[in-house]
Each structure stands twice: as C-alpha cells, then as structure tokens.
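Secondary and tertiary structure notes
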Amino acid sequence: MAPPIKLNQLRAFVEISRHGSIRAASRFLQLSQPALTKSIRELESSLGAKLFIRSNQGIYLTECGEGFLRRASLILEELRVGQEEISQRIGLIGGTVNIGVAGSIARSLMPKVVTQFHRDYPNIKLRIMEGQLLTMLTQLRQGELDFTINTYYPGSLDAEFNFERLMQKEYKVIMRKDHPLRHAKSLTELVDCDWTMPTPKGTYYKQLADVFSMMEQPMDFSVTCETLIGCLSLVAQSDFLTIVSIDTVDEPLFEQRYIALDLIEKLPYATFALVQRRDATLTPAGEHLARLFRIYCRNHEPA
C-alpha cells in the first residue's frame, strides 16, 4: 500500500513547478533543497509515477506531472479558502481574495468597487489580474483566481464554469485622432484598414469576429493584442483600428489622441459576467466583493 500524500509534498511540488527550479522554490518556501528533493521523491513514490524530468537546462513536468499540477494546486487553494472562511466567520478577519477583470472594468468600475471593499474589509489583501477571460482560465481552474469579471460568449466553457450575467456595454470602433479615414460612416469603408483585437475565443471579440465574418468583405485582424493598453498604444501611433467599450471612449483624455466613429452599423453589445468554477465556493470576503461588483454593474448598465 502506497504511503499517504502529505501537504508539504504537495506544496513542494506546486512551488517547484511554478518557479521552474528546486533552488528558486527552496528560497520561496525557506526550506533546504535536500528537503524539497526528498518531498518530491516521496510524492513520486506514493503516486507511482515520475512528476519531473531533470536535465542540464532545468526541470520540467512530465505528462503525469502536468495533469497532477492542476489537482494539487486546487487542493492547496481550496485549503487556503477553507481556512480563511473559518477565520472570517469567527471574526479573525484576514486572508486574500484573488480576482481577474477585463481591461474596460479595470478602467471604469474596478477602482470604485475596490475602494468600497477596502473600507469594508481593510485587513483583507486583494490581488487583481487584468486581461481577457482566455488568459485566466488556467488560474480559475487551479483555484488561483476566485472569480473574474469579463466578457462572455456562449461556447465550450459552459459546462466547466458558471457565468452570472452582470451587465451589457456598448462598444465602438476607434482610431487615432488624425487618421485619414476619421470621417468614415460605415464599416465597409474600413475593410482595408489594419485592425487589432484580443484573441476572439470565448469572449465578446468572438461575437464580433462572427459578425464580421458574415460581411461581403470581412476585415483582417492581423495583430492580436491581448491587453487594452497594448491595443490603445498601437492605435495611437499607427493607422491601426480597434474596438473598445464606451467607458474607454468616455474617459477625459480620450479625445486628445483618439476618435470614436459613429457608424451606420451598430456593433452588438458586450455581455459581462462574473465567471467562476462551477464547484468553487467563496469566502465571506470574496462573496462581499462579488456582491459589490453586482451592485456597481447593475447601476452602470445603460437604461
């Protein structure tokens, strides 16, 4: 009978995987390298499989190791959440809430929500990751993110994640202020332009890609730029076009560098959702933060 797996073995395995070396994990965990090596050998013995391949170039996960990493990470994160939930329920306020937000949320609602949350839970640490839903899936699966507020388009992720609709937003085509096509009134005038958008998978940009693919002459999105700031920087300094939420258009400094086009064709509204694993549970602090996002999103949605 294989010996039982211990938590210190799981922590050693996860941190070595994240840091890419035993030496770096040793510094992070403040444990000796021999101690970590011993933990990994015991874990591999318990599982009956090799988890790492060691070479002169570094340490790499085996196929078994790749599969086990997700489950080990989830176990440790669920344990952390469980401990913090009990502490918060008995009045020992502390812990961390980890969330993801879309770029437009980071520039509009997030500062107000975070300010209110910090007033309500001043001793809770908050970690915020910005980006598209696609870039957050691994961390959501492993429990490293409690939830994300992001655009959503129905698809293959429905069985794995829970999508709670929060609001809809209008989006517009934008270009630099002195773009030669700044007086354009239709998408057909822009088909030969250079375009940039985030990856069109599982988000609002997938919905846009589907709409544009039905045009007689579809646009060519030749540059994939995963962050809002990256898209804006490219558009400001070139003839590239992109599509952003009305929040970005309404920012005070927007008109200094960009213009938003009033086109005959109306782009579809983007649906924003609170996304989390179907089997995930939030701590009281995490649930309070989610509640604040619900309230602010409801108040921010166009009438």
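Rules used throughout
Residues numbered from 1 in each chain as written. Predicted model: local features only at pLDDT ≥ 70, side-chain atom pairs only at ≥ 80, totals over all residues. Heavy atoms only, no water. Helix = DSSP H or I, 4+ residues; strand = E, 2+ residues; numbered from the N terminus. Contact = heavy atoms within 4.5 Å. Areas by Shrake-Rupley, 256 points an atom, 1.4 Å probe, with all protein chains shown as cover. Lys, Arg positive; Asp, Glu negative; His and termini not counted. Charge placed at Lys NZ, Arg CZ, Asp CG, Glu CD. Disulfide = S-S within 2.5 Å. Buried < 20%, exposed > 50% of the residue type's maximum accessible area, 1.4 Å probe, protein only. Phe/Tyr/Trp six-rings, centres within 6.5 Å; stacked < 30°, edge-to-face > 60°. Lys NZ or Arg CZ within 6 Å of the ring centre and 35° of its normal. Pairing = 2+ DSSP bridges. Axes fitted to C-alpha atoms, helices over the stretch in contact; angles between N-to-C directions.

1. Re the overall build of the chain
When its secondary structure is counted, the chain shows twelve helices and twelve strands. Of the contacts formed within the chain by residues at least 6 apart in sequence, a portion of 75% connects residues at least 24 apart. Of the accessible surface of the chain, which amounts to about 15700 Å², a share of 52% is contributed by carbon and sulfur atoms. Placing the 35 positive and 35 negative side-chain charges of the chain at their respective mean positions leaves the two points 8 Å apart.

2. Regarding the state of the cysteines
Tallied over the entire structure, the rule returns zero disulfides. Free of any disulfide, Cys193 has its nearest neighbouring cysteine sulfur in Cys231, separated by 15 Å. A residue is classified by how much of its surface remains accessible, and Cys193, at 12% relative accessible area, is buried.

3. So, the packing of aromatic side chains
Each aromatic ring pair is described using two quantities: the centre-to-centre distance and the angle formed by the ring planes. Considering all chains together, one arrives at twelve aromatic pairs under this definition. On the numbers, 6.3 Å between centres and 85 degrees between planes, the contact of Phe147 with Phe293 is edge-to-face. Placement of Phe147 in strand β5 (residues 147-151) and of Phe293 in helix α12 (residues 284-300) is noted, with a sequence separation of 146 residues between them. Exposure remark for Phe147: the relative accessible area of 0% places this residue in the buried category. The structure contains a cluster of three or more aromatic residues connected by ring pairs, namely Phe13, Phe52 and Phe68. It is Lys169 that lies over the ring of Phe272; its NZ or CZ is 5.1 Å from the centre.

4. Focus: the sheet that holds strand β12 (residues 270-277)
Taken together, the five strands give an open sheet; going across it, the order is β4-β3-β5-β12-β6, and neighbouring strands pair in mixed fashion. Each edge of the sheet is formed by a strand with only one pairing partner; in this case those strands are β4 (125-130) and β6 (161-169). Strand after strand, the sheet turns through a mean of 20 degrees between neighbouring axes, direction not considered. Where β5 lies against β12, four bridges are found, and the strand directions are antiparallel. The partner of Asn150 across the bridge, within β12, is Ala273. Strands in contact with helix α6 (residues 110-120) are β3 (96-101) and β4; relative to β4, the strand with the most contacts, it is inclined by about 170 degrees.

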